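# Observations on the model geometry
Here's the letter readout for the chains.
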Amino acid sequence: MSQPPHNLEVERSVLGSCMIDNKAAQEVMETVASEDFYSTRHQDIFKTIQKLHRDKLDIDTMSVTGAIAREIVVYTLKVADSVPSAASIKSYITILKSYSMRRRLINEAITLQEAAQDINTDTEEVLLTAQKNILNLSLSKESPLKTAKELTLSLCRKIESQ
């Protein structure tokens, strides 16, 4: 079986941007989850960054490498050095989320296939579960689709900031 869709370069760019720019880190913390990263090393680095953010500590190369598991300190330094600028963080996040959503869709399709092949499961139940799970994916935080409440709140914030 082939590997699930992923882009390690984009993952490194998101993490590196967090370590070189606090505004980028803030934006990432608002929109990205550790599950969005395919690489377990990247998940570990992200969880460390999340913890620093949650503890209201500075997020930079030194604080992250000081708080991360020893085995990946050198790799984390390479990640931070590989990103010259965090200017494209929004693009990085969009790409990262797209790959993450594709993996989630694939997992959902596999689950649906397994349920559909189980002749002991009622067909209507399989259909209802599939519809519910796909709808949940489309309404999740990781999806580009927004609920009416999210759109309204976003619009109110934009109006207030102007």
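Before any of the text, the structure's been laid out above.
Below, the structure is looked at part by part.

The rules behind each value
Residues numbered from 1 in each chain as written. Predicted model: local features only at pLDDT ≥ 70, side-chain atom pairs only at ≥ 80, totals over all residues. Heavy atoms only, no water. Helix = DSSP H or I, 4+ residues; strand = E, 2+ residues; numbered from the N terminus. Buried < 20%, exposed > 50% of the residue type's maximum accessible area, 1.4 Å probe, protein only. Lys, Arg positive; Asp, Glu negative; His and termini not counted. Salt bridge = Lys/Arg side-chain N within 4 Å of Asp/Glu carboxyl O. Polar contact = N/O pair within 3.5 Å; in protein donor to acceptor, adjacent residues only side chain to side chain. Contact = heavy atoms within 4.5 Å. Axes fitted to C-alpha atoms, helices over the stretch in contact; angles between N-to-C directions. Parallel < 35°, antiparallel > 145°, perpendicular 65-115°, else oblique. Nonpolar A, V, L, I, M, F, W, Y, C, P; charged D, E, K, R; others polar. Expected span 1.5 Å × (residues − 1). Phe/Tyr/Trp six-rings, centres within 6.5 Å; stacked < 30°, edge-to-face > 60°. Core = buried A, V, L, I, M, F, W, Y, C linked by side-chain atoms within 4.5 Å. Left-handed = near helix turned anticlockwise from the far one by under 90°.

Once that is clear, we can look at the side chain of Glu-11. Here Glu-11 lies in helix H1 (residues 8–20). An unpaired buried charge is present at Glu-11: no salt bridge exists, and Arg-103, the closest side chain of opposite charge, is 4.7 Å distant. In terms of polar contacts, Glu-11 uses its side chain to reach the side chain of His-42, at 2.7 Å. Look past the residues within four positions of Glu-11 in its chain and what remains in contact with it is His-6, Asp-36, Phe-37, Tyr-38, Ser-39, His-42 and Leu-96.

For the rest of this paragraph, the subject is the pattern of salt bridges. All chains considered together, the criterion is met by 2 salt bridges. Across the pair Asp-55 and Lys-51 runs a salt bridge whose closest N-O atoms are separated by 2.7 Å. Exposure remark for Lys-51: the relative accessible area of 46% places this residue in the partly exposed category.

At a closest axis distance of 7 Å, the pairing of H1 and helix H5 (residues 73–81) adopts a crossing angle of 85°. Between H1 and H5, the angle falls in the class roughly perpendicular. Mapping the contact onto sequence places Arg-12, Leu-15, Gly-16, Met-19 and Ile-20 in H1 and Tyr-75, Thr-76, Val-79 and Ala-80 in H5. Residue composition of the contact of H1 with H5, by class: 6 nonpolar, 2 polar and 1 charged.

Mapping Arg-54 onto the fold places it in helix H3 (residues 40–54). For Arg-54 and Ala-80, which are 26 residues apart along the polypeptide, the C-alpha to C-alpha distance reads 20 Å.

Next up on the list: helix H6 (residues 89–117). Its 29 residues give H6 an end-to-end C-alpha distance of 42 Å, which sits within 8% of 42 Å, the value for a rise of 1.5 Å per residue. Those residues of H6 that fall on the buried side of the exposure criterion are Ile-89, Tyr-92, Ile-93, Leu-96, Lys-97, Ser-100, Met-101, Arg-103 and Glu-108. Looking at the packing, one finds that the buried side of H6 touches H1, helix H2 (22–31) and helix H7 (123–139).

So, about the environment of Pro-5. Locating Pro-5 in the fold gives a position in the segment before H1. Contacts of Pro-5, omitting those with residues within four sequence positions, involve Tyr-99, Arg-102, Arg-103 and Ile-106.

This model, assessed by the stated rule, comprises 1 aromatic pair. Ring geometry for Phe-37 and Phe-46: centres 5.1 Å apart, planes at 40°, overall tilted. Taking the relative accessible area as the measure of exposure, Phe-46 reaches 0% and is therefore buried.

Val-28, Ile-45 and Ile-49 are the most contacted members of the largest nonpolar core, which totals 27 residues. Elements with a contribution of two residues or more to this core: H1, H2, H3, H5 and H6. Here the element with the most residues in this core is H1; it accounts for 5 residues.

Turning to the packing of H1 against H3, a few remarks are in order. It is the contact of H1 with H3, at a shortest axis distance of 11 Å, that shows an interaxial angle of 20°. Taken together, the axes of H1 and H3 are roughly parallel relative to one another. Handedness of the crossing formed by H1 with H3: left-handed. Residues Leu-8, Glu-11, Arg-12, Leu-15, Cys-18 and Met-19 of H1 lie in contact with H3, whose contacting residues are His-42, Ile-45, Phe-46 and Ile-49. A breakdown of the residues in the contact of H1 with H3 according to their chemical character gives 7 nonpolar, 1 polar and 2 charged.

Nothing here speaks to function; it is all geometry.
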